Amino acid sequence: VHAAYTGKTPLIARDVFRDINKLANVFEMSWLVSRCVDQFNHMAGTIQEPSYRDLVFLFDEAVYVLSNLKSRQLVEIALKKIQSLNGESQRDFIFRYLQNLTSLSCQQLDLIIELTKTNVEYVVKPITEQITASSSNQGTLDLTNFKYTLENIDLSYCLKNNIQLYERLFGMLEELCGTNDDLKWLLRLQRKSIKESTTSKEFISSTATTSGVTQCLNRNIPCATATPIIPNMFHTLNTTLTFDEVVDWLGTSDEVSNFWMFLEGIWTWMRANEDTQVKISPKLRRKVCEIRKQRKWRKVSENFLENLVPLSESSYKFFRGVITCEDLCTAMLTEAGWKITFTEEIKDIFSLLKEETKISFFSHRFQGFSNCSKPGKCGFILKTVPAKEHANFVLSTDPIDYLYSEEIHYHNDIDTKDLHLLVQWRKKLKIFNMHTGHYLPMSWAGRPVQEDNGLLWNTFPVHEYGKDDTY
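Residues numbered from 1 in each chain as written. Predicted model: local features only at pLDDT ≥ 70, side-chain atom pairs only at ≥ 80, totals over all residues. Heavy atoms only, no water.

J.: Sorry, what's going on with a nonpolar patch on the surface here?
T.: The grouping of Leu23, Val26 and Phe27 at the surface amounts to a nonpolar patch, some 310 Å² of accessible area in total. Inspection of the secondary structure assignment puts phenylalanine 27 in the loop between α2 (14-26) and α3 (30-46). (Patch = residues over 30% accessible without salt bridge, like charges linked within 9 Å, V, L, I, M, F, W, Y side chains within 5 Å. Areas by Shrake-Rupley, 256 points an atom, 1.4 Å probe, with all protein chains shown as cover. Salt bridge = Lys/Arg side-chain N within 4 Å of Asp/Glu carboxyl O. Helix = DSSP H or I, 4+ residues; strand = E, 2+ residues; numbered from the N terminus.)

Structure follows, in structure tokens:
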């Protein structure tokens, strides 16, 4: 009352400041609201070497005004004061304030997040320590506030500035994931942090072999970091070349990434030139051996070559010569790779390219993963890109895709340059209702296109096969 008459406001003690400030705002006494703001600013300014108690007073009053009186005037003052401190003092305040993180309100957490800005390690470190303490005491930890905080800070800064702390955090969170929903939340959080990191590719590539960022979850679910494009597909071969010319071209072209792709090119040329007789001589075999050694390609497996049914006498002699040559072929799958099996039969492979489709492939053991003890089968998922959108098959490295597949699990070591697509054509015979057919390698089949009369593959048009055939 004295202040109302005199226009002078005495210093307000801390223990009654909140009540007076609330009174001023509730009764809309603008002059008193202004005086309270001035008093709060004066309190903050007179604190030269603030104690933790001083900072808590400023911070909590700011939280109260923001959450109850919907005003940011005190917020700006409190945050400016705390941010004016050196980094160590800011870190100590945030660390101590978050010691009881599970009991804090969303408004308190929001202001802590606003206070930290890019220094998210100030928040991540106390979170990891509380998780560690809870695990040591075998206690039950309520993750509600932990999840809220982690969802609202920019973890990409932690990924860039303190990758060890980032990995430690996600390793701990994974141990706490008790359900699939928890794991999905964790994966979404991780994907978001990688996406938000403006230099995520740089950090991933530089740490892939040492830090485990590309395999940061022990369940071997990848962070979509591998190159999804399959380079051994949709190439076009000039089948008008002579046989010697095509061998020379395949042997030197940068488009040819391995020996299996080289042999696919030979098969494709022979298919387009079935009536052309090719002399298969020891000289040709020596030439192919020299090409493989110079390009440092691995040998192929007999099992792979068995899929390529000879198209002519020349074709039979050529591939038979490869199979019987120890410098070109091996019976050991571990040396040449593994045959992958499609999980289900598709009536028409061309229909896959009409809309995005997910296809699961698996092998009981991939090369290099023979000691894998994880449940299910080692495998991967291919996604199709519709023909109208430049048809393609890409390797899925999206963790979410694998969460919905209980049959297979993914290894980050799978390399797209070792993936080849063969389509099994099974022609229905009129007698005995039987099927016969063979595999069509796709490396040199060109790219599928959508035309008025249907989907055509440049080398293998749909209308070439009957309506009862399967692929």
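Further notes follow.
J.: Hey, could you run me through the environment of glutamine 83 in this one?
T.: For glutamine 83, the position within the fold is in helix α5 (residues 73-83). Classification of glutamine 83 by relative accessible area gives partly exposed; the value is 27%. With sequence-adjacent residues up to four places away left out, glutamine 83 is seen in contact with Gln90, Glu114, Leu115 and Lys117. Here leucine 115 takes part through its backbone oxygen, which lies 3.4 Å from a polar atom of the side chain of glutamine 83. (Buried < 20%, exposed > 50% of the residue type's maximum accessible area, 1.4 Å probe, protein only. Contact = heavy atoms within 4.5 Å. Polar contact = N/O pair within 3.5 Å; in protein donor to acceptor, adjacent residues only side chain to side chain.)

J.: Could you clarify how one ought to interpret the state of the cysteines in this entry?
T.: Such a bond, covalent and formed between the sulfur atoms of two cysteines, is termed a disulfide. This model, assessed by the stated rule, comprises zero disulfides. Summary of cysteine pairing: cysteine 329 is not part of a disulfide, and the nearest cysteine sulfur, belonging to cysteine 325, is at 8.7 Å. (Disulfide = S-S within 2.5 Å.)

J.: What's the story with the confidence of the model for the chain in this structure? I'm lost.
T.: Atom-level detail of predicted coordinates should not be read off regions where pLDDT is low. In this model, the chain carries a mean pLDDT of 75, and residues with pLDDT of at least 70 account for 69%. Across the chain, helix α14 (residues 243-252) holds the top mean pLDDT of 94, while helix α13 (residues 200-207) sits lowest at 38. Note on residues 198-227: pLDDT under 50 across the span, and 63 contacts to partners over four residues away in sequence or across chains. Across residues 429-436 the pLDDT falls below 50, and counting only partners more than four positions away or on other chains, this stretch makes 14 contacts in the model. (pLDDT = per-residue confidence, 0-100.)

J.: Is there a simple way to explain the pairing of strand β5 (residues 377-385) in this structure?
T.: The two faces of a sheet get side chains in turn, since along a regular strand they alternate between them. Within β5, seven of the nine residues are buried, which leaves it mostly tucked inside the rest of the structure. Where β5 and strand β7 (residues 408-409) come together, two bridges link them in parallel fashion. In the sheet register, lysine 377 faces β7, and the bridge partner there is isoleucine 408. Bridge count for β5 against strand β6 (residues 392-395) is four bridges, and the pairing is antiparallel. Residue leucine 382 lies in a different strand from β6, and its bridge partner there is leucine 395. (Pairing = 2+ DSSP bridges.)

J.: Any chance you could explain α14 here in plain terms?
T.: The periodicity of an α-helix, 3.6 residues per turn, causes residues three or four places apart in sequence to face the same way. Looking at α14, one finds that the buried residues are Phe243, Val246, Val247, Leu250 and Gly251. Each buried residue of α14 lies within a common arc of 130 degrees when the element is viewed along its axis, so the set occupies one face. For α14, the exposed residues set more than 90 degrees away from the buried face come down to Asp244 and Thr252. Those residues of α14 that are buried are in contact with α15 (259-272), α16 (282-295) and α18 (313-323). (Arc of directions from axis to C-beta.)

J.: Sorry if this is basic, but what is going on with unusual backbone geometry here?
T.: Glycine aside, residues mostly have negative phi, and peptide bonds are mostly found in the trans state. Of note, lysine 70 is a non-glycine position whose phi angle comes to about 55 degrees, a positive value. Summarising the element assignment, lysine 70 is placed in the loop between α4 (52-68) and α5. Assessed through its relative accessible area of 66%, lysine 70 is described here as exposed. Even without being a glycine, lysine 117 presents a positive backbone phi close to 55 degrees. Its relative accessible area of 58% is what places lysine 117 among the exposed residues.

J.: I tried to follow the nonpolar core on my own but got confused; where do I start?
T.: Soluble globular proteins tend to pack their nonpolar side chains together in the buried interior. Of all hydrophobic cores here, the largest spans 65 residues; its most connected members are Phe59, Phe93, Leu150 and Leu155. Here this core gets nine residues from one element, more than from any other, and that element is α4. Sequence-distant contacts of leucine 155, defined by excluding residues within four places in its chain, comprise Val124, Leu150, Tyr166, Leu169, Phe170, Leu189 and Ser193. Counting 47 residues, the second largest nonpolar core, distinct from the first, contains Ile230, Leu237, Trp260 and Phe262. (Core = buried A, V, L, I, M, F, W, Y, C linked by side-chain atoms within 4.5 Å.)

J.: Explanation requested: the packing of aromatic side chains in the structure shown.
T.: Think of a pair of aromatic rings as described by two things: how far the centres are apart, and how the planes are tilted against each other in angle. If you walk through the whole model with that rule in mind, you get 15 aromatic pairs. Ring geometry for phenylalanine 243 against phenylalanine 318: centres 6.3 Å apart, planes inclined by 85 degrees, an arrangement best described as edge-to-face. Note that phenylalanine 243 is positioned in helix α14 and phenylalanine 318 in helix α18, a separation of 75 residues in sequence. We note that phenylalanine 243, like phenylalanine 318, is buried. Ring geometry for phenylalanine 259 against phenylalanine 262: centres 5.7 Å apart, planes inclined by 20 degrees, an arrangement best described as stacked. Of this pair, phenylalanine 259 and phenylalanine 262 both sit in helix α15, three residues apart, which is roughly one turn of the helix. (Phe/Tyr/Trp six-rings, centres within 6.5 Å; stacked < 30°, edge-to-face > 60°.)

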